[in-house]
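So you can see what is in the structure, the chains are spelled out below.
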Number of protein chains: 2
Amino acid sequence: MGYIEELGKKAVQAKGKIASASTDEKNAVLVKIAEVLRNHTEKILQENDKDIASARENGITETMVDRLRLTEERIEGIADACIQLVNLEDPVGEILEGSVRPNGMRITKVRVPLGVAGIIYESRPNVTVDAAALCIKSGNAAILRGGKEAIHSNMVLMELMQQALKECGFAGETVQLVGDTSREVAAEMMRANDYIDVLIPRGGAGLIQAIVKNATVPVIETGTGNCHLYVDETAELSMAVSIADNGKTQRPSVCNALETCLVHQSAAKEFLPMLAEAFEAHQVEIRGCDRTREILGAGVMLATEEDYATEFLDYIMSVKVVDSIEEAIEHIRKYSTGHSECIVTSNYSHAEQFQKEVDSACVYVNCSTRFTDGGEFGLGAEIGISTQKLHVRGPMGLRELTTQKYLINGNGQIR
Amino acid sequence: MGYIEELGKKAVQAKGKIASASTDEKNAVLVKIAEVLRNHTEKILQENDKDIASARENGITETMVDRLRLTEERIEGIADACIQLVNLEDPVGEILEGSVRPNGMRITKVRVPLGVAGIIYESRPNVTVDAAALCIKSGNAAILRGGKEAIHSNMVLMELMQQALKECGFAGETVQLVGDTSREVAAEMMRANDYIDVLIPRGGAGLIQAIVKNATVPVIETGTGNCHLYVDETAELSMAVSIADNGKTQRPSVCNALETCLVHQSAAKEFLPMLAEAFEAHQVEIRGCDRTREILGAGVMLATEEDYATEFLDYIMSVKVVDSIEEAIEHIRKYSTGHSECIVTSNYSHAEQFQKEVDSACVYVNCSTRFTDGGEFGLGAEIGISTQKLHVRGPMGLRELTTQKYLINGNGQIR
């Protein structure tokens, strides 16, 4: 029996109980997980030290080491996030719609858990608890496959969560960790249609594309954001600068950060020098088209096709001067990953046109793309931002970890 | 440039206009398609004759020939189905929910078309018009790949639909037919992520599984129905017989027909002879477990594991006597394709348990699984029955051919 098959069978055994658990029962597990994590902070830190040590041995950058590192404060934060989930509404059982058919048969559409979620992610060990807790609250079993760099941390966190589940009367295998972090086992996971109902990759574009290409289990693509700002002819320029600066510099490493600024040719001459000045504080590098360079000087690097297609996640922005809103929309159509795009404009019909024609999950008028986030949208928690069109688009909270089911009640109706 | 790439680029060009078309504009196209089809009945029949002739040459069964055949009456029916769609509510633009955030930013979640739908189907040429019309009404462009047996019929139908689109001011390429019915081109279609937003296969289990295994474009699995009836200890037996007979014999070739009957051991002795008697009219073959054969006699063939896993789509039913509702649910969990299952019972808590624990798209109490159908559910039209959990589950109408998008309007908000 394959490694994933073994985990899969256990997950399928466990999923029924968590799917039909009451909100109180699931909340009790979340509270217990928080408690157990807090009570074993030292043990977690010891295991985390092993990961940090081998990361250093392997010459991993300090930024990566920081992503990997747990501290007393971070463990407290992880436990706290579990408690936060207690207060969120349980999506399971919600009655979505219904009707009584002319023959007297009653149809009710209700919200139910997906079943078994497979989450594949990279080095941050907090995702192990975060993803497991979201799955538990939404009534799903979960199989988690984290990065090999975090394996010791992930194993101890999983052990503690399973202990909490058992103390609350659930199978430990409600959530499981893929302990074998080989590529073969990851590939097995992507094709485990008999056991896993949905795969949610969380990580860089490379990871996500590999999963989309190889998975037969349905995938929810998340989090690649080549986000655009279009500064229209009639834009209030100080607002445009503020939104560009916020989108690029407030947290450049996240998916809702801006990567490209398109500017109408009649606004470019005034706007671009303002932008360049604002960018000085963070030494943002601008890569521009010929017209950008005419305005800002030849010190600006020429933007290539590849630059326009790149999610920099860094203090770099590509800039292009365009002749019309149509050219801006066409550019976005070509390069966008369908995450978040923004227009700054004072023109009513341009605002309408942009929101209608730009085919992305979130389309903004006159506010920052940095708001594409479960917390900011009021979902309370988030497992990722979907950039695909099936099932869910944009920030995914608890509700997005569910599906629906029809219940049909009659008294002998036939066709 | 690959064949599908060429079609895909044209579809992407065409999708914007149909996506933002008003309901009136889309309805005009549907009316025009109906008119054009009616005006060219003779031409359609001529092309259909070519398909019939080559089907006969290739020794295809009369049942298959009948699926392929168009008649004046059937063309009238196809045209009529287009007119029916005019009266259905346009799902595009529906405001799903929204809120004003504490910072004053307004978030609106609206329904938008998926973009380009790829439909892969088998021999019935009516699907060509049916699928195209559903896509048009829901604002989607479509690339249709029908079976090679129907290629002449499909080509003339597509030509006429494109003519209607053009007469109404839309690009003919809003809907396109894959004229090259080779396997290579089908494979290309399954991996055309840059052009196709969703693949919907319509056809037998083999076709659907091949697509699930090979596609990188998101797929909505449809229509494989290994549907179960469980006759509980307390079932009203005449009702159980009526539902079993309706589910098996009213139209055995469709996905919501019953394939397996599970019966509680304390009801079996009385129920099974009643069932066998009702089945005589259609000479339904029963394949049963040992206990079934003890009751009905050794003339009943022994059901194999494979029988329980088979969607017969024929006058054959597998039967199993079970000791409890739990055993019935466990059997369903093992063999079901997640389409439709039914319990006949008078016991309140068994009805509740069955609807809670059976993980299928449609779970019935005391009425026939044959009702799993877009028309019967009041959707008005149907592109298939989803047996997967992502995006949509159960009958898919116009609304299920859409996705959502967030519009965020502000006046300078940043984080």
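Parameters and conventions
Residues numbered from 1 in each chain as written. Chains lettered and ligands numbered in written order. Predicted model: local features only at pLDDT ≥ 70, side-chain atom pairs only at ≥ 80, totals over all residues. Heavy atoms only, no water. Core = buried A, V, L, I, M, F, W, Y, C linked by side-chain atoms within 4.5 Å. Buried < 20%, exposed > 50% of the residue type's maximum accessible area, 1.4 Å probe, protein only. Helix = DSSP H or I, 4+ residues; strand = E, 2+ residues; numbered from the N terminus. Contact = heavy atoms within 4.5 Å. Buried area = accessible area lost by both parts, 1.4 Å probe. Salt bridge = Lys/Arg side-chain N within 4 Å of Asp/Glu carboxyl O. Nonpolar A, V, L, I, M, F, W, Y, C, P; charged D, E, K, R; others polar. Pairing = 2+ DSSP bridges. Axes fitted to C-alpha atoms, helices over the stretch in contact; angles between N-to-C directions. Parallel < 35°, antiparallel > 145°, perpendicular 65-115°, else oblique. Left-handed = near helix turned anticlockwise from the far one by under 90°. Least-squares fit on C-alpha atoms with pLDDT ≥ 70 in both.

**Observations regarding the nonpolar core**
I33, I119 and L144 of chain A are the most contacted members of the largest nonpolar core, which has 51 residues in total. If you list the elements that add at least two residues to this core, you get α2 (23-39), α5 (72-86), β3 (116-121), α6 (126-137), β4 (141-145), α7 (151-167), β5 (175-177) and β6 (198-202) of chain A. The contact partners of I33 of chain A, leaving out residues within four places of it in the chain, are C82, V129, I136, M161 and A164 of chain A. Counting residues in each nonpolar core, the second largest holds 50 residues, with L37, L85, A133 and L401 of chain B among its members.

**Topic: the interface of chain B and chain A**
Listed as interface residues are 73 residues of chain B and, on the opposing side, 73 residues of chain A. Both sides of the chain B and chain A interface together cover about 5900 Å² of buried area, and 50% of this is carbon and sulfur. Contact with chain A buries area across many residues of chain B, yet L390, Y406 and R415 of chain B alone supply 15% of it, more than any other trio. Taken together, chain B and chain A are joined by 8 salt bridges. Close ionic contact of D197 of chain B with K389 of chain A constitutes a salt bridge, the shortest N to O distance being 3.3 Å. If you list the elements that add at least two residues to the side of chain B that touches chain A, you get α1 (3-19), β2 (106-113), α9 (205-214), α10 (237-249), α15 (348-357), β13 (362-367), β15 (394-396) and β16 (402-413) of chain B. With 11 residues, the single largest contributor to the side of chain B that touches chain A is β16 of chain B. Of the residues belonging to the side of chain B that touches chain A, the class tally is 29 nonpolar, 24 polar and 20 charged. Relative to β16 of chain B, strand β13 (residues 362-367) of chain A runs parallel, the two sharing 5 bridges.

**Focus on the packing of helix α6 (residues 126-137) of chain B against helix α7 (residues 151-167) of chain B**
Packed helices, taken two at a time, are described by the angle their axes make and the gap between the axes. Residues and elements named next belong to chain B. At a closest axis distance of 10 Å, the pairing of α6 and α7 adopts a crossing angle of 30°. Accordingly, the angle class assigned to the pair α6 and α7 is roughly parallel. For the pair α6 and α7, the sense of crossing is right-handed. Along the contact surface, α6 presents T128, V129, A132 and I136, while α7 presents N154, L157, M158, M161 and L165. Classifying every residue of the contact of α6 with α7 by side-chain character gives 7 nonpolar, 2 polar and no charged.

**What to know about the sheet that holds strand β1 (residues 95-100) of chain A**
Backbone-to-backbone hydrogen bonds pair the strands of a sheet. The strands run either parallel or antiparallel. Ordered by their spatial adjacency, 10 strands build an open sheet running β1(A)-β2(A)-β16(A)-β13(B)-β12(B)-β7(B)-β8(B)-β11(B)-β9(B)-β10(B), and the pairing between neighbours is mixed. Two strands in the sheet have a free side with no partner beyond their single neighbour: β1 of chain A together with β10 (301-302) of chain B.

**Overview of the relation of the copies chain B and chain A**
It takes a turn of 180° to lay chain B on chain A, together with a shift of 0.0 Å along the axis; the resulting RMSD is 0.1 Å. Expressed as a symmetry operation, the mapping of one chain copy onto the other fits a two-fold axis. Residue H391 of chain B, judged by its C-alpha, is the member of chain B lying nearest the rotation axis, at 1.7 Å. By residue overlap, the copies meet face to face through one surface: 100% of the interface positions of chain B are interface positions in chain A.

**Observations concerning the sheet that holds strand β10 (residues 301-302) of chain A**
Within the open sheet, the 10 strands sit side by side as β10(A)-β9(A)-β11(A)-β8(A)-β7(A)-β12(A)-β13(A)-β16(B)-β2(B)-β1(B). Their pairing is mixed. Two strands lie at the open edges of the sheet, namely β10 of chain A together with β1 (95-100) of chain B, each paired on one side alone. Where helix α11 (residues 265-280) of chain A meets the sheet, its contacts fall on β7 (227-231), β8 (258-264), β9 (285-288) and β11 (316-322) of chain A, and the angle it forms with β8 of chain A comes to roughly 145°.

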